[in-house]
Protein chains: 4
Amino acid sequence: MAAPRIRLGMVGGGRGAFIGAVHRIASRIDDKYELVAGALSSNPENAKASAEDLLIAPDRAYSSYEEMFKDEAARDDGIEAVAIVTPNHMHFPVAKAALEAGINVICDKPVTRTLEEALELEKIAKNSDAFFALTHNYSGYPLVRYAREMVERGDIGNIRLVQVEYPQEWMTEPQPDDNKQASWRTDPARSGAAGCLGDIGTHAFQLARFISGQKVSSVCADLTAFVPGRPVDDNVHVMMRFENGAKGMLWTSQVAPGCENGLRIRIFGDKAGLTWAQENPNELWLTPLAAPAQRITRRDDYLDSDIAVRGIRIPFGHPEGYLEAFATIYTDVAEVLQAKREGKTVDIESWIPGIDTGVEGLKFITAVLASSEADSRWTPLNP
Amino acid sequence: MAAPRIRLGMVGGGRGAFIGAVHRIASRIDDKYELVAGALSSNPENAKASAEDLLIAPDRAYSSYEEMFKDEAARDDGIEAVAIVTPNHMHFPVAKAALEAGINVICDKPVTRTLEEALELEKIAKNSDAFFALTHNYSGYPLVRYAREMVERGDIGNIRLVQVEYPQEWMTEPQPDDNKQASWRTDPARSGAAGCLGDIGTHAFQLARFISGQKVSSVCADLTAFVPGRPVDDNVHVMMRFENGAKGMLWTSQVAPGCENGLRIRIFGDKAGLTWAQENPNELWLTPLAAPAQRITRRDDYLDSDIAVRGIRIPFGHPEGYLEAFATIYTDVAEVLQAKREGKTVDIESWIPGIDTGVEGLKFITAVLASSEADSRWTPLNP
Amino acid sequence: MAAPRIRLGMVGGGRGAFIGAVHRIASRIDDKYELVAGALSSNPENAKASAEDLLIAPDRAYSSYEEMFKDEAARDDGIEAVAIVTPNHMHFPVAKAALEAGINVICDKPVTRTLEEALELEKIAKNSDAFFALTHNYSGYPLVRYAREMVERGDIGNIRLVQVEYPQEWMTEPQPDDNKQASWRTDPARSGAAGCLGDIGTHAFQLARFISGQKVSSVCADLTAFVPGRPVDDNVHVMMRFENGAKGMLWTSQVAPGCENGLRIRIFGDKAGLTWAQENPNELWLTPLAAPAQRITRRDDYLDSDIAVRGIRIPFGHPEGYLEAFATIYTDVAEVLQAKREGKTVDIESWIPGIDTGVEGLKFITAVLASSEADSRWTPLNP
Amino acid sequence: MAAPRIRLGMVGGGRGAFIGAVHRIASRIDDKYELVAGALSSNPENAKASAEDLLIAPDRAYSSYEEMFKDEAARDDGIEAVAIVTPNHMHFPVAKAALEAGINVICDKPVTRTLEEALELEKIAKNSDAFFALTHNYSGYPLVRYAREMVERGDIGNIRLVQVEYPQEWMTEPQPDDNKQASWRTDPARSGAAGCLGDIGTHAFQLARFISGQKVSSVCADLTAFVPGRPVDDNVHVMMRFENGAKGMLWTSQVAPGCENGLRIRIFGDKAGLTWAQENPNELWLTPLAAPAQRITRRDDYLDSDIAVRGIRIPFGHPEGYLEAFATIYTDVAEVLQAKREGKTVDIESWIPGIDTGVEGLKFITAVLASSEADSRWTPLNP
């Protein structure tokens, strides 16, 4: 008998939101969750209507997360986990409340709005029995995981260079006031002091960290807000130095016409290079020195990798995309939580981005902001 | 309030099967269905175990489709639709029984094993109140639908050429006897007289028909079984003539090393060409005569097309793939069925492949087999 | 001391011509030729003016090829070779006259307008001491040659499939009368009964033959003239059977909008596939069964191939193109001719397309025309 | 009558050299030059043997450039121009001598080893009647020129971002002592203090300057020598600020496995982006905001640009490459020199990189070196 589905609640993600719907689809794809409760909006009417849209029972459609955590805790069939899909500034209080209530957390990134909050949440998480996952969803792609394995087993040699970029075009022009997605992202009070840097720069940073295994020691950054009047950065240039001597560049932008969601990473060792691009996620390039490049695809027949293969649902040549990678994170968490019901732990835990990743991301944001303000002075992540 | 989910049963798709799991994921992605019953295997033990895997209630885990249709008909909460995901030879009896029981059908392709069966099923379907959908899933891709709209509105001019291909590599070598996927596909008793032709050639044919809007009038074909001892074709070469004077070629193969799932179509009119390839489904190329090629992507901001946009779940640059396209078919059917509950019809019906498509596919298979046996004589689809 | 340059004459290629200029550039690139004489046009004034453009001495600017061959034969420094770059119908008389005068010939393709002429020229060539080269220039690309070597040494196993295509767009619309390039190509009296088939179909056929090493035994063809009033084909569909049991398809068209010069070949054996496309000639794909595809590039450091490496002039990553491949044919011929001065032969001779290739090409054209006229009956190349 | 060919001498480029052969092919492609004299090596025997290889008359095979300039000046048919293809440190003295002798100069890049030399040469060039061209050959590609025109006429709007990169792999490992190409490039005495930066970084800088029309005001750089013991940089990271407020990044490396000759530029304005990559030079991408990307190719039928079209020799779809772009620079210079014979000037002069470009390149090198030494301090190009 398959284990019962995880009972899931959601905070945020009501009508008009974007990432909440993504989390819900991700939770359904492998059928490991059922969404049974929600505090989907800070607006009570929207919360109620949104819950109806989602066929959530009326008595579990809450108008605040505090209420949801309290009431659900009192039920036998109360939620086991909560997905936090609010704007950034709400991540901290909701996650804190959940962890303190012993509810497992699946939190969108960046983990919090400030490094101070992230460090505090780290303490809370380490003292809680609840599990904390951060949806750096790009780590869910099978070939991203395979790339990390290739690096770990030495396929590309000693790493020298990490070139990562994440350009988009969608904020090239001033946004109309009624663009819900844009408005909170450019409001420091809700999104944090970082604009593009926090929204997508953290994904680029996390991907580089995840695949390369290397830690950035210091950054030299130049941030710009190209659109007149925009209160946060919309373009980020960073040079990076890594602890082992590697170097790198990170570019992220939301004012690059023609770039849709151009997350792309290239890592070069002294034996070979690796290239992966999010818009074409079913291929990974291994480029050995003085030999033909190899196009590795999402195949369970030749990838000698449990971690990559477990993220493959359909045969090679049938493209899987963003939602499937996101779903893999959810499914991995489900495996952890189902084991936890029986007091067990599972290996997959180490592949799921958690609070450590969140803290590191905020350290990166903080150092980049500081460097840029100091006329691009090299700034350590751990001063 | 959102409409209640469609109550779905499934025939086939037990442990070890492939396409059943795809249908289940497709049905879940947009949350319009719940799988409540199944006759998942002709082997009762496998049927039971498979139902347990899927958290289907034990009393609704049937060991035959006949039993399922009978028992479910007697329940107030009985299934409204059935997904048929068996090997080809079972499509006909199961679909017939479902339609005659007034249960809506979502059937995998090809619709039946023979043209005779297809024609009989056509009669049954036309006399039934139940809805019949055929999962030619590639028609669910937003850019495939957009391509059809471009053709319809004359963007490429009068169509002259349709070049379609669908090569795979996975049957290049003789298959071990225990490969469940390969074994029924190469058994004429279960798969039909066509091998590769029926398995994937029909997809290529249907895609060409769907996008171009043109009807094939006759075919000139050369079938081959390259692997010694294989009782059905593993490579198909076809020249096509269309009713309006257009011509084309269709190539499909399962012995082409390096080809994963290479469905690709190019259509040329007297003003422009169109190219779409399944392995990179989020782009569509419009190539006007004597002008730069245009790379059209899956974007709700510039595609002036309701039908394309309704299949888009996430922003441009975040790849959607095979499962999402499949899910779109399921979601379209759900919309039809939810309207049907209230005695209504909806426009989307005309975009869903149905029994007509199934019959046309069998006519194509039949004519290709006949042409190849007659030393590639031009053979009409409607003699 | 380097050997003196080959003294070259040219027939055709005056003002307004296309391929003559290509031959001249090709002859200069490696500095093995000097163009010293020409009968550049059948129009005496154009012949004279064209010679002046090219800095050919006035006394060697001839108004007929007969005159050129006679006068040059009488000079100590007379031409050693002639490049024939006229419309197709003149290839035969000029080549015949040259060979009979003992002048080496570099002839554009197709070798003649009819098979009868080709067979007669074959006899003349075999009885002549002069060397005869046919500029099937695509065989000059280093990676085309390397592909042939890979096939020969068994890298792809036993060949089963040869899929070749060569679409263009430039004759999609009726041509204005003053388009010199189009007018002779669509005039059967000058170009032969084949239109697109002779102009570019022969290149596709030759490339397939050159790389695969396989001989076509019979063809099943469907020719079309899509543009109203066009007296020759502008689209060609062919199914092919090879002597060893392989099969294939050939498509060539001049009415395919978006296709510039889309010569592309894919060959599949039972171990691997090979893909090469003329518009991106510096890469060759080896696609082994159940393993990552390999992108082989034009590199002298890892290609273990004398024949490929000799065609490389500049380091990898610096693209070489059409003119360089053409030049390689010229340079190979120069090596033959310089050896011939000393009564020697050189191995490279076997890599240069000659009269045999020309005859085979006309057999292909003839069989394709016959098949198409016989409602696509399978027609042998050697009846 | 065509104008007589330009009489060309060459300094450097003897046996074992690389770029000399490239210059010679480039000079021959359009038949505007004849190579009549050379001081091909500082080693007299090599100089003599190399001249014989090239069929240069023995009396014009010089063992020093001083001798060549003196003797040729005394001949009626003496050289009109000299190609300087030596290692970097010899560019200055040879160019100086040529300019002072009134001989036109075609000089490889970078123009000199130091900024001081470049500034001195600038004065000499401005006082000389001789023409000075710098072979930044990538500016010869038709689509690079077209890109510049598109920028100039506002097709991409106000420029905000310039992202340029030029990675290679060939120096990933320590070079054997006998690699002639590597040895002088890593010897500061011959190549200058910059390694990779001077060798290819200048190309990237020049391309960015050429297409964008923007001037870099200051740089923030981090140079690395990854290979132990290498005395000059093999990897260069630079952030750039432009005079008009644009920003950019430049990455160049010679230790990036899988990168052959990866010069690539992306420029983003507030209306559209442009992308061009040297390894696929026959296409240019225009990416308008919120509209399909356009793939512009090297076509004389739709490019509304005299400057782009003049660099096209063969029809679209027939790839032209590195040598053709290089030849275009040579042909442009020939047009200038042929006009100069008659005391005329021609518009094309403004498209040919000259001493200004050379000085700017050295300013860039100098500022990057200074910034890197100052822990990546922002450093102005014109302090």
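Conventions we followed
Numbering of residues starts from 1 in each chain and follows the order in which that chain's sequence is written. Chain labels run from A onward and ligand labels from 1 onward, assigned in the order the entries are written. This being a predicted model, a pLDDT of at least 70 is required before a residue's local features are given, and a value of 80 or more before pairs of side-chain atoms are given or counted; all residues contribute to the totals for chains, interfaces and linings. Remark: hydrogens and water are excluded; side-chain values derive from all non-hydrogen atoms of the structure. Under the DSSP-based scheme used, a helix requires at least four consecutive residues in state H or I and a strand at least two consecutive residues in state E, with every element numbered from the N terminus. Helices are assigned an expected span. That span is 1.5 Å times one less than the residue count. Accessible area is worked out with a 1.4 Å probe on protein chains only. A residue is then buried under 20% of its type maximum, exposed over 50%, and partly exposed in between. Fitting of the copies onto one another was done by least squares over C-alpha atoms, counting residues only where both copies have pLDDT of at least 70. Any two residues having at least one pair of non-hydrogen atoms within 4.5 Å are treated as being in contact. A residue's pLDDT is the predictor's confidence in that residue, given on a scale from 0 to 100. Delimitation of the domains relies on an automatic or database domain assignment. A 1.4 Å probe defines the accessible area here, and the buried area is the portion of it lost by two parts on being joined, summed over both. By definition, a salt bridge exists where a carboxyl oxygen of Asp or Glu is found within 4 Å of a side-chain nitrogen of Lys or Arg. Definition of a polar contact: a pair of N or O atoms within 3.5 Å, with one able to donate and the other able to accept a hydrogen when the atoms are protein atoms, and with sequence-neighbouring residues admitted only if both atoms are side-chain atoms. Every axis in this analysis is a line fitted to C-alpha atoms, fitted for helices over the stretch in contact. Angles between the N-to-C directions lie between 0 and 180 degrees. Note on terminology: angles under 35 degrees are roughly parallel, angles over 145 are roughly antiparallel, angles of 65 to 115 are roughly perpendicular, and the others are oblique. When residue character is reported, Ala, Val, Leu, Ile, Met, Phe, Trp, Tyr, Cys and Pro are called nonpolar, Asp, Glu, Lys and Arg charged, and the others, Gly included, polar. When DSSP locates at least two bridges between a pair of strands, those strands are taken to pair.

Caption draft 1: Local environment of helix H12 (residues 355-373) of chain C. Residue and element names in this part refer to chain C. Between its first and last C-alpha, H12 extends 27 Å over 19 residues, near the 27 Å set by a 1.5 Å rise per residue. Within H12, the full set of buried residues consists of Ile355, Gly358, Val359, Gly361, Leu362, Phe364, Ile365, Ala367, Val368, Leu369, Ser371 and Ser372. One or two positions beyond H12, positive phi appears at Asp375, with a value near 55 degrees.

Caption draft 2: Quick peek at the relation of the copies chain C and chain A. Once chain C is rotated about the relating axis by 180 degrees and shifted along it by 0.0 Å, it coincides with chain A to within an RMSD of 0.0 Å. Such a combination of rotation and displacement between the chain copies is what one expects of a two-fold axis. Of the C-alpha atoms belonging to chain C, the one lying closest to the rotation axis is found on Gln294 of chain C, 2.3 Å away. A high fraction, 100%, of the interface residues of chain C reappear at the interface in chain A, so the copies pair face to face through one surface.

Caption draft 3: Focus on the environment of Pro380 of chain C. Residues and elements named next belong to chain C. Mapped onto the secondary structure, Pro380 falls in strand E14 (residues 379-380). Assessed through its relative accessible area of 36%, Pro380 is described here as partly exposed. As a C-alpha pair, Pro380 and Ser218 span 162 residues in sequence and 4.0 Å in three-dimensional space. Every residue in contact with Pro380, bar those within four places of it in the chain, is listed here: Ser217, Ser218 and Ala367.

Caption draft 4: Summary view of helix H6 (residues 142-152) of chain D. Residues and elements named next belong to chain D. Across the 11 residues of H6, 10 count as buried, placing the element largely inside the fold. Burial in H6 covers these residues: Pro142, Leu143, Val144, Arg145, Tyr146, Ala147, Arg148, Glu149, Met150 and Val151. Positive backbone phi, at 90 degrees, marks Gly154, one or two positions downstream of H6.

Caption draft 5: The arrangement of unusual backbone geometry in detail. Following Lys109 of chain C, the chain continues into Pro110 of chain C via a peptide bond in cis, with omega recorded as -10 degrees. With respect to the helices and strands, the residue Pro110 of chain C is situated in the loop between strand E4 (104-107) and helix H5 (115-126). For Leu55 of chain B, which is not a glycine, the phi torsion comes out positive at approximately 60 degrees. Turning to its location among the elements, Leu55 of chain B is positioned in the loop between helix H2 (44-53) and helix H3 (65-73).

Caption draft 6: Spatial organisation of the side chain of Arg299 of chain B. With respect to the helices, strands and loops of the structure, Arg299 of chain B is situated in the loop between strand E13 (293-297) and helix H10 (306-309). Setting aside residues up to four positions removed in sequence, Arg299 of chain B forms contacts with Glu169 and Glu260 of chain A, Ile312 and Phe316 of chain B together with Ala290 of chain D.

Caption draft 7: Local environment of the confidence of the model for chain A. In this model, chain A carries an average pLDDT of 96, and 99% of its residues clear a pLDDT of 70 or more. Two numbers describe this predicted complex: its pTM, 0.97, and its ipTM, 0.97.

Caption draft 8: Structural context of the domain arrangement of chain A. Residue and element names in this part refer to chain A. Here the domain parsing of chain A yields domain 1 (6-138 + 329-352) and domain 2 (141-309 + 360-373). Placing the centre of domain 1 and that of domain 2 at their C-alpha centroids yields a distance of 26 Å. Contact with domain 1, which involves 24 residues of that partner, is made by 29 residues of domain 2. Buried area between domain 1 and domain 2, summed over both chains or domains, comes out near 2200 Å², and the portion from carbon and sulfur atoms is 60%. Broken down residue by residue, the surface that domain 1 buries against domain 2 is led by His136, Tyr138 and Trp351, which jointly contribute 41%. Here domain 1 and domain 2 share 1 salt bridge between them. Close ionic contact of Arg145 with Asp332 constitutes a salt bridge, the shortest N to O distance being 2.6 Å. Where domain 1 packs against domain 2, one counts 8 residue pairs in polar contact (both at pLDDT 80 or more). Looking at the side of domain 1 that touches domain 2, the elements with two or more residues in it are helix H5 (115-127) and helix H11 (322-341).

Caption draft 9: Structural context of the packing of helix H4 (residues 91-100) of chain A against H5 of chain A. All names here are of chain A. Two elements in contact, H4 and H5, have axes whose closest approach is 10 Å; the angle formed by their N-to-C orientations is 10 degrees. Taken together, H4 and H5 sit at an angle that is classed as roughly parallel. Taking contact as the criterion, the partners of Phe92, Ala95, Lys96, Leu99 and Glu100 in H4 are, on H5, Glu117, Glu120, Leu121, Ile124 and Ala125. Across the contact of H4 with H5, the residue classes break down as 6 nonpolar, no polar and 4 charged.

Caption draft 10: Focus on the sheet that holds strand E4 (residues 104-107) of chain D. All names here are of chain D. A sheet is described by the order of its strands in space; here 5 strands give the open sequence E2-E1-E3-E4-E5, paired in parallel fashion. Whereas interior strands pair on both sides, the edge strands pair on one side only; in this sheet they are strand E2 (33-39) and strand E5 (132-134). In this sheet, adjacent strand axes meet at a mean angle of 25 degrees when their direction is disregarded. When E4 meets E5, the two strands line up parallel, connected through 3 bridges. Counted as the bridge partner of Cys107 is Leu134 from E5. Relative to strand E1 (residues 6-11), helix H1 (residues 19-29) is tilted by about 175 degrees, and along the sheet it contacts E1, E2, strand E3 (81-84) and E4.

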